[in-house]
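# Coordinates in review
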Amino acid sequence: MEVMRRWLAPVIASALFLAAPLAVPSWAVFVLTLALAKFMAVLAVALFLRGGLISFGHALFYGIGAYAVGFSIKWWGITDAVLLAPLGTLLGAGVAALVGLFMARYRGVFFAMLNLGVSMILYSALLKFYWVTSGTDGIGVRSPAFLGIVPPRELFQVIYYYFTLLLTGIVICAIYRFLASPVGYFLKAIGDNEVRIEYQGESVRRVMYLTYILSGALAGLGGVLAAFAVGHIVPEYAFWAQSGEFVFVAVLGGYGSVPGSLVGSIAFEFIRTYASKYMPEAWQTTLGVIMLFIILFLPGGLWTIYEAATGRGRRRPEGVSRG
Amino acid sequence: MATLTVIVVDGLIFAAVLFLLSIGLTLIFGVLRILNLAHGSIYALGGYMASFLVLKVLKLGYSAYWSYPMLLVGGMIAGLVAGPVIERLFLRRVYGRAEAIQLLLTFSILLILDDLMKILFGTQPIIVSEPYSLLGQFSLGRVTYPWYDVVLIAVSIVSGGLLVWIVRGTRFGKLIVSVITDREISVAMGINVGRMYMVSFTLGALCAALSGALIAPTIAVVPGVAVDVVVSSFAVIAIGGMGSLEGAALGALIVGVVRAVAIQLFPELELVMIYLIMVLVLMAKPAGLWGEAEVRRI
């Protein structure tokens, strides 16, 4: 019974995801693919949210992943998604390993603002070095090959969806593994009490640093997947508004819960498809108003509604612990 | 030599605006312990309001000299409206809650204001150059500067001085210091802490809106500057020490000059330079140049 309770929801969700392309129109498959790609970047932000930390700059790694694809195609003509996905992930992790060296020292407003600042540096570089990056025109991305095999045009979208879905599955497993590890637990404790982590013999900076590298890898992979899905790369991938969206979805999904982030990402992408059609000029305001509402009235994010409905919810006074 | 003059004078001009902007941010952080991410939006609001009023006055056929009071009035309206509204409606609900929540709240306000200004004032750049060119120019070596820049620096120093006097020299300032030091004791002594918070936030917002209004004639007022502004302003107060007024002055000077150097010599690296300085300062002195190290909480 216990086993069933635990595995029922994931199995149903996987079945739904696997069957989705058969049941929904092709534009919805595209939106779903993009949502899964962005979900990885949302996870990166959500990891830190568990520890009570907010990053307004993870579009940095998202942008790096996307531009890794762009430059590989432009310079070397490599279009193999199976090759570029690990490349983008590694690049994201590599840059995170570098930036993380000083980022791991900071918490609270410093962590938020330093991340924001570093991502703005990349954004302005992408704009200003236009002879390399093509500036606001962006870089076009051809449909990828998979291990040297180029799928026929009409099948590409579905195949790419399954490719993204496979990677999403791997990432979710990896994240659950990470969250169940000592570092994962200590990460959650950062928001509660840092000093006690040190008393337990773990270095807070090590926890921060490892998480930062992982988050960079995740967002980098998300960038690669989104670049192929959209087929066009612009500096906005690294813009603060993009980081803000990741934070928004992570909050919407319940301050760092993995299934919450997944549901949040998909809901967000679909809502945006409609919103950008009917009220493009008030999109950010809509996000802001919803976020205000969640902060002030739903302290655990939208996920609290589900938890309350299924009777699983433990009453949590605060989604994010006092930092 | 000419380059050096340009760097020094431009640096001073940048520093003056950054100073006025950042003492607002640092005052709010010092009293409320909240980093106001919407600070840049209030700055932009001040700029828009001021340009709007100046354009109105010029259109009605008044003398162009009326544009100066209008700049101030525009900034004041923006600050005096945005300040109390944001504090009373939203910020007061998250006092004492997690830092992440407070950041998210001010970020939401930033998002809302960003769009709101586009809807209210349009997306086209607004240019009001009359106040800028009206006062004439003076030359310094081979470079000419408009007198408006001198006015800018003077107004910024006077307003900053006024704020320092309010905090250091008046009864209200003493009450603020007591609220900063110990909120609970202050409540017990009969200080209306809620009102202190509102007034401090409004003063901070006023600084932001005024600096936006003052800079408006020298640039084209465009949407979407809010985040750039709050990022540099944060760099200023982080370098100087969060919550320190002298620190804001020092930080503004450093960032202003660095920005002037970067724009003259390698314009691509403007933001990189500012952030590099900030990271270097934070590595050497985590509490900022003028800040006091906080004792670690257990």
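Our structure's up above, just so we're on the same page.
## Let's talk about the overall build of chain A
Along its length, chain A carries 14 helices and 2 strands. Taking 20 Å as the expected radius of gyration for a compact globule of 323 residues, we find that chain A reaches 19 Å, a close match to that expectation. Principal axes of the C-alpha set define a box for chain A whose edges measure 50 × 45 × 40 Å. Looking at chain A as a whole, 56% of its 323 residues qualify as buried. At a minimum sequence separation of 6, the contacts of chain A that also span at least 24 residues come to 80%.

## Thoughts on unusual backbone geometry
With the exception of glycine, most residues fall at negative phi, and the peptide bonds are largely trans. Residues and elements named next belong to chain A. With a phi close to 65°, S134 is a non-glycine residue in the positive phi region. Inspection of the secondary structure assignment puts S134 in the loop between α6 (130–133) and β1 (139–140). Given a relative accessible area of 24%, S134 falls into the partly exposed group.

## Remarks on the nonpolar core
In this structure, F56(A), F228(A), L32(B), L35(B), F234(B), Y275(B) and M278(B) are the most contacted members of the largest nonpolar core, which totals 211 residues. When residues of this core are assigned to their parent elements, the largest contribution, 17 residues, is made by helix α2 (residues 26–50) of chain A.

## With respect to the interface of chain A and chain B
Taken together, the contacts link 47 residues of chain A with 45 residues of chain B. Approximately 4200 Å² of surface area, both sides summed, lies buried where chain A meets chain B, with 74% of it carried by carbon and sulfur atoms. Counting the contacts that link chain A with chain B gives 5 residue pairs in polar contact (both at pLDDT 80 or more). Residue assignment for the side of chain A that touches chain B shows that the elements contributing at least two residues are α5 (108–128), α9 (194–199), α11 (240–252) and α13 (283–297) of chain A. Residues belonging to the side of chain A that touches chain B are distributed by class as follows: 30 nonpolar, 10 polar and 7 charged.

## Section: the side chain of E245(A)
Residues and elements named next belong to chain A. Topologically, E245 is positioned in helix α11. On the basis of relative accessibility, which here comes to 9%, the residue E245 falls in the buried class. A distance of 3.4 Å separates the side chain of E245 from the side chain of R272, its partner in a polar contact. Excluding anything up to four places from it in sequence, E245 contacts K38, F268, R272, W283 and L287.

## Describing the pairing of strand β1 (residues 137–140) of chain B
Regular strands place side chains that alternate from one sheet face to the opposite one. Residue and element names in this part refer to chain B. Pairing analysis gives 4 bridges linking β1 to strand β2 (residues 143–146), with the strands arranged antiparallel. When the sheet's bridge partners are listed, F138 is paired in β2 with Y145. Where β1 folds back on β2, the antiparallel hairpin that results is connected by 2 residues, among which G141 adopts a positive phi of roughly 65°.

## Observations concerning a nonpolar patch on the surface
Residue and element names in this part refer to chain B. A grouping of L4, V8, L12, L253 and V257 is seen on the molecular surface, where their side chains present a nonpolar patch of about 410 Å² in accessible area. For the nonpolar patch, the secondary-structure elements that each account for two or more residues are α1 (2–32) and α11 (245–265). Of the residues forming the nonpolar patch, the biggest block, 3 residues, is contributed by α1. Summarising the element assignment, V257 is placed in helix α11.

## Brief notes about the pattern of salt bridges
Residue and element names in this part refer to chain B. Throughout the structure, instances matching the rule amount to 9 salt bridges over all chains. Here K118 and D115 are joined by a salt bridge, their closest N and O atoms 3.9 Å apart. One end of the pair is K118 and the other is D115, both in helix α4 (residues 99–121) and 3 residues apart, which spans about a single turn. Look at K118 and you get partly exposed, because its relative accessible area is 29%. Judged by its relative accessible area of 3%, D115 is buried. Here R168 makes a salt bridge to E246, at a shortest N to O gap of 3.0 Å. Taken together, the residues span a long stretch of sequence, with R168 in helix α6 (residues 147–169) and E246 in helix α11 at a distance of 78 residues. E246 gets classed as partly exposed once you look at its relative accessible area, which sits at 31%.

Rules used throughout
Residues numbered from 1 in each chain as written. Chains lettered and ligands numbered in written order. Predicted model: local features only at pLDDT ≥ 70, side-chain atom pairs only at ≥ 80, totals over all residues. Heavy atoms only, no water. Helix = DSSP H or I, 4+ residues; strand = E, 2+ residues; numbered from the N terminus. Rg over C-alpha atoms; globule rule 2.2 N^0.38 Å. Buried < 20%, exposed > 50% of the residue type's maximum accessible area, 1.4 Å probe, protein only. Contact = heavy atoms within 4.5 Å. Core = buried A, V, L, I, M, F, W, Y, C linked by side-chain atoms within 4.5 Å. Buried area = accessible area lost by both parts, 1.4 Å probe. Polar contact = N/O pair within 3.5 Å; in protein donor to acceptor, adjacent residues only side chain to side chain. Nonpolar A, V, L, I, M, F, W, Y, C, P; charged D, E, K, R; others polar. Pairing = 2+ DSSP bridges. Patch = residues over 30% accessible without salt bridge, like charges linked within 9 Å, V, L, I, M, F, W, Y side chains within 5 Å. Areas by Shrake-Rupley, 256 points an atom, 1.4 Å probe, with all protein chains shown as cover. Salt bridge = Lys/Arg side-chain N within 4 Å of Asp/Glu carboxyl O.

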